[in-house]
Amino acid sequence: ILNVEQSPQSLHVQEGDSTNFTCSFPSSNFYALHWYRWETAKSPEALFVMTLNGDEKKKGRISATLNTKEGYSYLYIKGSQPEDSATYLCALNFGNEKLTFGTGTRLTIIP
Amino acid sequence: GAVVSQHPSWVICKSGTSVKIECRSLDFQATTMFWYRQFPKQSLMLMATSNEGSKATYEQGVEKDKFLINHASLTLSTLTVTSAHPEDSSFYICSVQGMGDQPQHFGDGTRLSIL
């Protein structure tokens, strides 16, 4: 069984503060890591797809890093805004195009 | 990215009813679509891979006779939950596979409640 772990499960952050959370996975058989943002009553929205060790991607105030050797990825949000409130999902493609998801980190931004 | 429409958004029906959920790729020809299920406080779990023009591939533990998948065109895959029972109550969501290292694109999901 290939487990994808996300921590913390939930997080409350004051508006304007920066935050980060983690996705951990077995480092072997890695092909690609996906990050999605899932707002309530909407469909999951793709943020990043990362494949290379040391990769760092950025989209506005959100960025992500990847360490395939030690099996983790960090997602960072700088200067949190209320619209950042969502569940952030990490998913791994272990080489067969199927995605194995973590349980997500539920982020709530406090105005 | 692809725009995916899933219908209906929620269903409440009696035990023993069969329920069909549609997943449409509106602007992308999808040879492969995925069906996931999510129980409360759990992760999205892949149920099956839907392949246009051929049989779906089911994950271990998913009954293919219970969850019928049809992918007859490049824009439509359907999931039919046959003779649904309360334990089938869950959140079902579909996605379209992107090309190469592209992400998957998801529908809005269907909340199924069986009484």
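Just so it is clear, the model here is predicted, and its values are computed rather than measured. Here the residue numbers are simple positions, counted from 1 along each chain's written sequence. Working convention: letters from A go to chains and numbers from 1 go to ligands, in the order in which they are written. Local features in a predicted model are, by the rule used here, given only for residues with pLDDT of at least 70; side-chain atom pairs are given and counted only at 80 or more, and totals for whole chains, interfaces and linings are based on all residues. Heavy atoms throughout the structure, all of them, feed into the side-chain values; hydrogens and water do not.

Caption draft 1: Seen up close, the pattern of salt bridges. A pairing counts as a salt bridge when a side-chain nitrogen of Lys or Arg comes within 4 Å of a carboxyl oxygen of Asp or Glu. By the definition in use, this model includes 7 salt bridges over all chains. Linking K42 of chain A and E39 of chain A is a salt bridge whose minimum nitrogen-to-oxygen distance equals 3.8 Å. The salt bridge partner of D88 of chain B is K66 of chain B, with a shortest N-O separation of 2.8 Å. In this pair, D88 of chain B sits in the loop between β8 (76-81) and β9 (90-96) while K66 of chain B sits in the loop between β6 (57-58) and β7 (67-73), placing the two residues 22 residues apart along the sequence. Comparing D88 of chain B with K66 of chain B, the two get one shared label, buried. Three or more residues are tied together by salt bridges with common partners; here these are R37, E45 and K59 of chain A. Starting at the N terminus, helices and strands are each numbered in turn, a helix being any DSSP run of H or I of at least four residues and a strand any DSSP run of E of at least two. Per-residue accessibility, obtained with a 1.4 Å probe over protein chains only, is compared with the maximum for each type, and a residue is labelled buried under 20%, exposed over 50%, and partly exposed between these values.

Caption draft 2: View of the interface of chain A and chain B. Contacts: residue pairs with any heavy atoms within 4.5 Å of one another. Listed as interface residues are 17 residues of chain A and, on the opposing side, 21 residues of chain B. The junction of chain A with chain B conceals about 1,500 Å² of combined surface from both sides, 59% of it contributed by carbon and sulfur atoms. For the pair chain A and chain B, the interface holds 1 salt bridge. The definition of a polar contact used here is a pair of N or O atoms within 3.5 Å, where within protein one atom must be able to donate a hydrogen and the other to accept one, and adjacent residues in sequence count solely through side-chain atom pairs. For the interface between chain A and chain B, the tally reads 4 residue pairs in polar contact (both at pLDDT 80 or more). For the side of chain A that touches chain B, the secondary-structure elements that each account for two or more residues are β4 (32-38), β5 (45-50) and β10 (99-101) of chain A. Looking at the side of chain A that touches chain B element by element, the count peaks at 3 residues for β4 of chain A. When two parts are brought into contact, each loses some accessible area as probed by a 1.4 Å sphere; the total of that loss over both is the buried area.

Caption draft 3: Fine view of unusual backbone geometry. The step from S7 of chain A to P8 of chain A runs through a cis peptide bond, and the omega angle for that step is -5°. With respect to the element layout, P8 of chain A can be found in the loop between β1 (5-7) and β2 (10-14). The omega torsion of the bond from H7 of chain B to P8 of chain B falls at 0°, within 30 degrees of zero and hence cis. Structurally, P8 of chain B can be placed in the loop between β1 (4-7) and β2 (10-13).

Caption draft 4: Region of interest: the sheet that holds strand β7 (residues 62-67) of chain A. Residues and elements named next belong to chain A. Pairing is antiparallel across the open sheet formed by 5 strands, whose spatial order is β1-β3-β8-β7-β6. With partners counted over all chains shown, the strands left at the sheet margins are β1 and β6 (56-59), one partner each. Ignoring which end each strand starts from, the neighbouring axes of this sheet average 15° apart. Here the rule is simple: two strands pair whenever DSSP picks up at least two bridges between them. As paired elements, β7 and strand β8 (residues 72-77) share 6 bridges and run antiparallel to each other. Bridging across to β8, I62 finds its partner in I77. Fitted lines through C-alpha atoms serve as axes, helices being fitted only where they are in contact, and the angles separating the N-to-C directions of these axes extend from 0 to 180 degrees.

Caption draft 5: Structural context of the state of the cysteines. Note that a disulfide, as used here, is simply two cysteine sulfur atoms within 2.5 Å. Inspection of every chain in the model, using the stated rule, returns 2 disulfides over all chains. In this model C23 of chain A forms its disulfide with C90 of chain A; the gap between the sulfur atoms is 1.9 Å. On the sign convention where negative is left-handed, the bridge of C23 of chain A and C90 of chain A, at about -55° about the S-S bond, is left-handed. Here C23 of chain A is found in strand β3 (residues 19-24), whereas its partner C90 of chain A is found in strand β9 (residues 86-93), with 67 residues between them in sequence. Through a disulfide, C23 of chain B is tied to C94 of chain B; the S-S separation comes to 2.0 Å. Because the torsion about its S-S bond is 85°, the bridge between C23 of chain B and C94 of chain B counts as right-handed. Here the residue C23 of chain B occupies a position in strand β3 (residues 19-25), and C94 of chain B occupies one in strand β9, the gap between them amounting to 71 residues. A single burial state applies to C23 of chain B and to C94 of chain B, both of which are buried. With no disulfide of its own, C13 of chain B has C94 of chain B as its nearest cysteine by sulfur position, at a separation of 18 Å. A residue is classified by how much of its surface remains accessible, and C13 of chain B, at 11% relative accessible area, is buried.

Fair warning: the whole summary comes from geometry, so function is off the table for now.
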